[in-house]
Amino acid sequence: MQRILIVEDDEPIANLIKINLSAEGYQCVCAYDGKAGADYIEKESFDIVLLDIMLPEIDGYELLEYIKPMGTPVIFLTAKGTLDERIKGLKMGADDYIVKPFQIGELIARIEALLRRYGKVNNKLSFADVEIDIVSRTVNKAGKLIDLTVKEFDLLVELVQNKNVALHRGRLYEKVWGEVFMGDTRTLDSHIQRLRRKLDWDKYIKTVFRIGYRLEEGE
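Computed from a predicted model, the values in this text were never measured in an experiment.

## Considering the sheet that holds strand S1 (residues 3-7)
Reasoning step 1: Spatially, five strands are ordered S2-S1-S3-S4-S5 in an open sheet, and the strand pairing comes out parallel. Two strands lie at the open edges of the sheet, namely strand S2 (27-31) and strand S5 (96-99), each paired on one side alone. Between one strand axis and the next, the sheet turns through 20° on average, direction left out of account.
Reasoning step 2: In this structure, S1 lies alongside S2, joined through five bridges in parallel fashion. Opposite Ile4, over in S2, you have Cys28 as the bridge partner.
Reasoning step 3: With respect to the sheet, helix H1 (residues 11-23) is in contact with S1, S2, strand S3 (48-51) and strand S4 (74-78), its orientation differing from that of S2 by roughly 175°.
Reasoning step 4: Against the sheet, helix H4 (residues 83-91) engages S4 and S5, with an angle of about 150° to S5.

Pasting the structure below:
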């Protein structure tokens, strides 16, 4: 699981980003000033830093100079959206620059692109006796190739990437089908049933009452 440090002094914004990125399967830590951000960077490792510029204690530009020798990619999140400010941030070594306010979907897309650029995306997943190759979109169970539809594969990846987490039906549907969830669960439920049958995973894919599904280790 990729780890993201969010250095943002506006706590509601930082916490909202954390909630949304955590829902996408990232492990997030928030720092609300530059000094706290520097302390986290010194003690822990992260795959990406989301960095505000106007910070108490240590500003984003100074903190960027501290981060870059470590090779950790940085995305500036800032209200300073002039062309000169963007050029300054990128010249100093920021990998990307997003101006507030922004859509969370854009931020997630920028994060995914940056992780791919740095080779930090995990292209192979495993759970129990199943191996998943995200690039070739193949699934092997105990050495046997399992034939899944496009949506079954995407649903499996979402479950495995969020194992032991109760996933709401609406979130699963919107993530896999890319459409607004209107409350009809039949399509999702039928795909879950087929996954259980094809993988023999009745003991792993649990139904969470009034919520959705959770992938967990069997007893």
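Next comes the rest of the description.
## Considering the nonpolar core
Reasoning step 1: Judged by nonpolar contacts, the single largest core of 28 residues is most densely connected at Ile132, Val139, Leu156 and Trp201.
Reasoning step 2: Residue assignment for this core shows that the elements contributing at least two residues are strand S6 (124-127), strand S7 (130-133), helix H6 (150-161), helix H7 (169-177), helix H8 (186-199) and strand S12 (212-215).
Reasoning step 3: Take this core: its biggest share by element is six residues, from H6.
Reasoning step 4: Excluding residues that lie within four positions of it along the chain, Leu156 makes contacts with Ile132, Val139, Leu148, Leu195, Leu199 and Trp201.

Conventions and cut-offs
- Every chain's residues receive numbers from 1 upward, in the order its sequence appears when written.
- For this predicted model, a pLDDT threshold of at least 70 governs which residues receive local features, and a threshold of 80 or more governs which side-chain atom pairs are given and counted, while totals over whole chains, interfaces and linings are taken from all residues.
- Side-chain measures were taken over the full set of non-hydrogen atoms in the model, leaving aside hydrogen atoms and water.
- DSSP bridges decide pairing: two strands pair if at least two such bridges lie between them.
- A helix here means a DSSP run of H or I that spans at least four residues, while a strand means a run of E at least two residues long, and both kinds are numbered starting from the N terminus.
- Axis lines are fitted through C-alpha atoms, for helices just across the contact stretch, and the angle between N-to-C directions can take any value from 0 to 180 degrees.
- In this analysis, two residues are considered to be in contact whenever any of their non-hydrogen atoms come within 4.5 Å of each other.
- Residues belong to a common nonpolar core when they are buried Ala, Val, Leu, Ile, Met, Phe, Trp, Tyr or Cys residues joined through side-chain atoms within 4.5 Å.
- Each residue is placed in one exposure class: buried if its accessible area under a 1.4 Å probe, protein chains only, is under 20% of its type's maximum, exposed if it is over 50%, and partly exposed if it falls in between.

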